[in-house]
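Below, each chain spelled out in residue letters.
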Amino acid sequence: MDAEVQQVVAFLSDDRREVREMAAEGIAGYTATDDGMSALGKCGELPAQLVSLLERVSADPTTGTAAAHAAACMVNLSMQPAERLKLIEAGAVPAAAKCVRAPSRPSDLGKYASMLLSNLTQFESAHAPLLEADAGTGVTPAAGLLRMLIRSAVDSDELAHLTLALTNVAQTRGGRSAVLEALAGKPA
């Protein structure tokens, strides 16, 4: 199975959008079994490739389907502490935050990206990337996510997991400060 998984992972960086979508869907399917998870854990380049799929959405909204599959895969991978650390190191926190805030994204991408942030922020090493200001905006992703959560409809479940991510981040002094500043409407 390891060789099969390696072949599918290689297609995540294909030039064709449709191929990336099918590969991401296949990779997400491997997370449904213990053997698949084990094989995926041996793919050292996988976290960076999944993060790359999330990052593409900002520049090209048509990549949302592949990104949604990648985010679903990352949610499942992040249930394992070792894989969670790999995803954090690969830049999954800022990439997921951008997906949640992307104005034109599939709703399932928002749901999976918020679930991913909830899982990743269980580790304190994920807090710093969420609390660092976006280049040029001076606004932290945590403040932006909090404002988005406040603006979202009460009955919307799409981004419900952001409350867990923000709760996780608020466990630290810097996180509490960012949350309070966002609530006050001040730049964090």
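Since the model is a prediction, treat every value here as computed from it, not as a measurement.

Rules used throughout
Residues numbered from 1 in each chain as written. Predicted model: local features only at pLDDT ≥ 70, side-chain atom pairs only at ≥ 80, totals over all residues. Heavy atoms only, no water. Salt bridge = Lys/Arg side-chain N within 4 Å of Asp/Glu carboxyl O. Helix = DSSP H or I, 4+ residues; strand = E, 2+ residues; numbered from the N terminus. Buried < 20%, exposed > 50% of the residue type's maximum accessible area, 1.4 Å probe, protein only. Core = buried A, V, L, I, M, F, W, Y, C linked by side-chain atoms within 4.5 Å. Axes fitted to C-alpha atoms, helices over the stretch in contact; angles between N-to-C directions. Parallel < 35°, antiparallel > 145°, perpendicular 65-115°, else oblique. Left-handed = near helix turned anticlockwise from the far one by under 90°. Contact = heavy atoms within 4.5 Å. Nonpolar A, V, L, I, M, F, W, Y, C, P; charged D, E, K, R; others polar. Expected span 1.5 Å × (residues − 1). Arc of directions from axis to C-beta. Phe/Tyr/Trp six-rings, centres within 6.5 Å; stacked < 30°, edge-to-face > 60°. Lys NZ or Arg CZ within 6 Å of the ring centre and 35° of its normal. pLDDT = per-residue confidence, 0-100.

1. A word on the pattern of salt bridges
Applying the stated criterion across every chain, the model contains five salt bridges. A salt bridge links R16 to D14; the nearest nitrogen and oxygen atoms lie 3.0 Å apart. Measuring nitrogen to oxygen at the nearest pair gives 3.1 Å for the salt bridge that ties E83 to K86. Highlighted residues: E83 and K86, both in helix α6 (residues 81-89), separated by three residues, approximately one helical turn. Given the relative accessible area of 34%, K86 is considered partly exposed. Three or more residues joined by partner-sharing salt bridges are found here, namely R17, E18 and E21.

2. Some remarks on the nonpolar core
The biggest cluster of nonpolar side chains holds 56 residues, and the ones touching the most others in it are L12, I27, L46, L54 and L117. A total of nine residues in this core trace back to one element, the largest contributor, which is helix α5 (residues 64-77).

3. Regarding the packing of helix α4 (residues 46-59) against α5
Following both chains from N to C, one finds α4 and α5 inclined at 140 degrees, their axes separated by 8 Å at the closest point. Here α5 runs oblique to α4, going by the angle between their axes. When you trace α4 past α5, the crossing you get is left-handed. Counted together, L46, L50, V51, L53, L54 and V57 of α4 and G64, A66, A67, A70, A71, C73, M74 and L77 of α5 form the full contact between these two elements.

4. A closer look at the packing of α5 against helix α8 (residues 107-120)
For any two helices packed against each other, one specifies the inter-axial angle together with the distance between the axes. Packing of α5 against α8 brings their axes to within 8 Å, and their N-to-C directions diverge by 30 degrees. In terms of orientation, α5 and α8 fall into the roughly parallel class. Crossing hand, α5 versus α8: left-handed. Contacts between α5 and α8 involve G64, A67, A68, A71, A72, M74 and V75 on the former and, on the latter, D108, L109, Y112, A113, M115, L116 and N119. Its residues assigned to classes, the contact of α5 with α8 shows 11 nonpolar, two polar and one charged.

5. Looking at helix α12 (residues 173-184)
If you check α12, its first and last C-alpha atoms are 16 Å apart, about what 12 residues at 1.5 Å a residue would give, namely 16 Å. For α12, the complete set of buried residues consists of G175, A178, V179 and A182. With its buried residues spanning 95 degrees around the axis, α12 presents them on a single face. The outward face of α12, more than 90 degrees from its buried face, is lined by the exposed residues R173, L180 and A184.

6. So, the packing of aromatic side chains
Inspection of every chain in the model, using the stated rule, returns zero aromatic pairs. Just above the ring of F123 sits the side chain of R84; from NZ or CZ to the centre is 4.6 Å. The residue whose ring lies beneath K111 is Y112, and the NZ or CZ to ring-centre distance is 4.9 Å.

7. Describing the confidence of the model for the chain
Overall, the predicted model of the chain reaches an average pLDDT of 86, with 89% of residues at or above 70. Within the chain, the element-level pLDDT minimum falls on helix α10 (residues 141-151), averaging 69, and the maximum on α6, averaging 96.

8. Considerations on the environment of S118
Its place among the elements puts S118 in helix α8. Taking the relative accessible area as the measure of exposure, S118 reaches 5% and is therefore buried. Here S118 is in contact with H161, L164, A165 and N168, once residues within four sequence places are set aside.

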